[in-house]
Amino acid sequence: MIRPVLMLALTAYLAACGAEEPAAAPKPVAAPSNVPPQAAAPAYVGRWAATPDLCADGAWVFQRDGLSTAGEVTCGFEGVAALDDGYEIAATCTAQAPPQAHRLNLSLSADGRTMRVRGGPFDDPPPLSRCP
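The rules behind each value
Residues numbered from 1 in each chain as written. Predicted model: local features only at pLDDT ≥ 70, side-chain atom pairs only at ≥ 80, totals over all residues. Heavy atoms only, no water. Salt bridge = Lys/Arg side-chain N within 4 Å of Asp/Glu carboxyl O. Helix = DSSP H or I, 4+ residues; strand = E, 2+ residues; numbered from the N terminus. Buried < 20%, exposed > 50% of the residue type's maximum accessible area, 1.4 Å probe, protein only. pLDDT = per-residue confidence, 0-100. Contact = heavy atoms within 4.5 Å. Disulfide = S-S within 2.5 Å. Pairing = 2+ DSSP bridges. Axes fitted to C-alpha atoms, helices over the stretch in contact; angles between N-to-C directions.

S.K.: Honestly, the pattern of salt bridges in this entry has me stumped. Any pointers?
M.R.: A side chain of one charge can pair with a side chain of the opposite charge if their charged atoms are brought near each other. Throughout the structure, instances matching the rule amount to two salt bridges. One salt bridge connects Arg103 with Glu88, and the closest N-O pair in it is separated by 4.0 Å. With a gap of 15 residues between them, Arg103 in strand β6 (residues 100-108) and Glu88 in strand β5 (residues 86-94) connect regions that are remote in the sequence. Under the relative-accessibility criterion, Arg103 is labelled exposed at 52%. Residue class for Glu88 comes out partly exposed when judged on its relative accessible area of 34%. Measuring nitrogen to oxygen at the nearest pair gives 3.1 Å for the salt bridge that ties Asp124 to Arg116. Overall, the relative accessible area of 63% leaves Asp124 in the exposed class.

S.K.: Can you help me understand the confidence of the model for the protein chain in this one?
M.R.: Regions with low pLDDT should not have their predicted coordinates read in detail. Per-chain confidence: the protein chain averages 82 in pLDDT, with 71% of residues scoring 70 or above. Note on residues 5-10: pLDDT is under 50 here. Beyond four places in sequence and across chains, it has zero contacts. In the model, residues 28-32 has pLDDT below 50 throughout and makes zero contacts with residues more than four positions away in sequence or in other chains.

S.K.: Hey, could you run me through the side chain of Thr69 in this one?
M.R.: Take Thr69: it is sitting in the loop between β3 (66-68) and β4 (74-83). Those residues in contact with Thr69 that lie beyond four places of it in its chain are Ala59, Trp60 and Phe122.

S.K.: Looking at this structure, how should I read the state of the cysteines?
M.R.: Disulfides are covalent bonds that connect the sulfur atoms of two cysteines. Inspection of the entire model under this criterion finds two disulfides. Two residues share a disulfide in this structure: Cys55 and Cys131, whose sulfurs sit 2.1 Å from each other. Looking down the S-S bond of the Cys55 and Cys131 bridge, the torsion is -90°, so its handedness is left-handed. Placement of Cys55 in the loop between β1 (46-49) and β2 (60-63) and of Cys131 in the segment after β8 (128-130) is noted, with a sequence separation of 76 residues between them. Using a relative accessible area of 14% as the deciding quantity, one classes Cys55 as buried. The residue that forms a disulfide with Cys75 is Cys93, at a sulfur-sulfur distance of 2.0 Å. Negative torsions about the S-S bond denote left-handed disulfides, and the value of about 110° found for Cys75 with Cys93 makes this one right-handed. In this pair, Cys75 sits in strand β4 while Cys93 sits in strand β5, placing the two residues 18 residues apart along the sequence. Relative accessible area serves as the criterion here: at 6%, Cys75 is assigned to the buried category. Here Cys93 falls in the buried class, since its relative accessible area comes to 2%. Disulfide partners in the protein chain, listed by the sequence order of the bonded cysteines, are 1-4, 2-3.

S.K.: I keep staring at the sheet that holds β2 and nothing clicks. Help me out?
M.R.: In any sheet, the strands associate via hydrogen bonds between backbone groups, in a parallel or an antiparallel arrangement. The eight strands lie next to each other as β1-β2-β3-β4-β5-β6-β7-β8, forming a closed barrel whose pairing is antiparallel. Ignoring strand direction, the axes of neighbouring strands in this sheet form an average angle of 30°. Bridge count for β5 against β6 is eight bridges, and the pairing is antiparallel. Following the sheet pairing, Glu88 is matched in β6 by Asn105.

Printed below as a string of structure tokens:
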């Protein structure tokens, strides 16, 4: 109780003398609540295979920035554009040759369980199913 009275008296004294009030200690700043969480991974990220049996050894592994297949094709994604039913991707792929620029189109089913890959170094691959 004495402390608030002393602060009030000190403030009145300093105001009468023309001095400024002592600066208040800075208040801690809370993180803004409207900051969005890190963007969710694109729907294509994960392990995909032509049959469930291939999930263990023959899956295509899609990451946010690239893909690799059991057939030793690797692609680095340089630009990803979301479409209504999938993605269009500018990629540089290596498939038993020096790296080459390609365009990939990934079409996902409405339930997100199957995906069709078109373009790139792939010769008409079968539809892929998401691995568990």
